[in-house]
Amino acid sequence: MKEKVYESASVENTEKIASDFAKELKPGDFVAYFGDLGSGKTAFTRGIASFLCPKVRVSSPTFAIVNEYTGGKIDMFHFDMYRILDDDNLFSTGFYDYFDRDGIILTEWSENITFALPENRYDVVFEKTGENARTIKIIKRD
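Caption draft 1: Summary view of the pairing of strand β6 (residues 121–128). Inspection of the sheet shows strand β2 (residues 30–34) paired to β6 by four bridges, in the parallel sense. Looking at β6, one finds that Tyr33 is bridged to Val124. As defined by bridge partners, β6 adjoins strand β7 (residues 134–141) across eight bridges and the pair is classed as antiparallel. Within the sheet, the bridge partner assigned to Phe126 lies in β7 and is Ile136. The hairpin turn running from β6 into β7, its antiparallel successor, is five residues long.

What follows is the structure in structure tokens.
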């Protein structure tokens, strides 16, 4: 397991950290986000998309459950698991079908689906340390 820790002082800085991280990602990777509301998860996804799917407009998938971003270097599937609390709910979203689509899966509120997280993944842990400041830990699990 490898861990990198970053300090971000702004949304723009969070997006830059994510854009740099995106250079490590490859088709089939899974990225699990952990962190409170407003901690930078969607901004981090915007940063990843700026490198992998630069022409897309990223928004939170809160009501849609999943937003698909395609047409770039690698397709991205951005899930919000806030309202998903069991495997039946997760199954009904079509979540498991995305593992066969050769893109990158990013999941917000991964703490709600720990039972479904693959062993090989990146965990990205967001911690608010000030009004705009964040500590971002990226952990590679294999």
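Caption draft 2: How the structure looks around the side chain of Lys41. Secondary-structure assignment places Lys41 in helix α2 (residues 41–52). It turns out Lys41 is buried and unbridged, and the closest side chain with the opposite charge, Glu108, is 4.9 Å from it. At 2.7 Å, the side chain of Lys41 forms a polar contact with the backbone oxygen of Asp36. Setting aside residues no more than four positions away along its own chain, Lys41 makes contact with Tyr33, Gly35, Asp36, Glu108, Trp109 and Phe126.

Parameters and conventions
- Residues numbered from 1 in each chain as written.
- Predicted model: local features only at pLDDT ≥ 70, side-chain atom pairs only at ≥ 80, totals over all residues.
- Heavy atoms only, no water.
- Pairing = 2+ DSSP bridges.
- Helix = DSSP H or I, 4+ residues; strand = E, 2+ residues; numbered from the N terminus.
- Buried < 20%, exposed > 50% of the residue type's maximum accessible area, 1.4 Å probe, protein only.
- Lys, Arg positive; Asp, Glu negative; His and termini not counted.
- Salt bridge = Lys/Arg side-chain N within 4 Å of Asp/Glu carboxyl O.
- Polar contact = N/O pair within 3.5 Å; in protein donor to acceptor, adjacent residues only side chain to side chain.
- Contact = heavy atoms within 4.5 Å.

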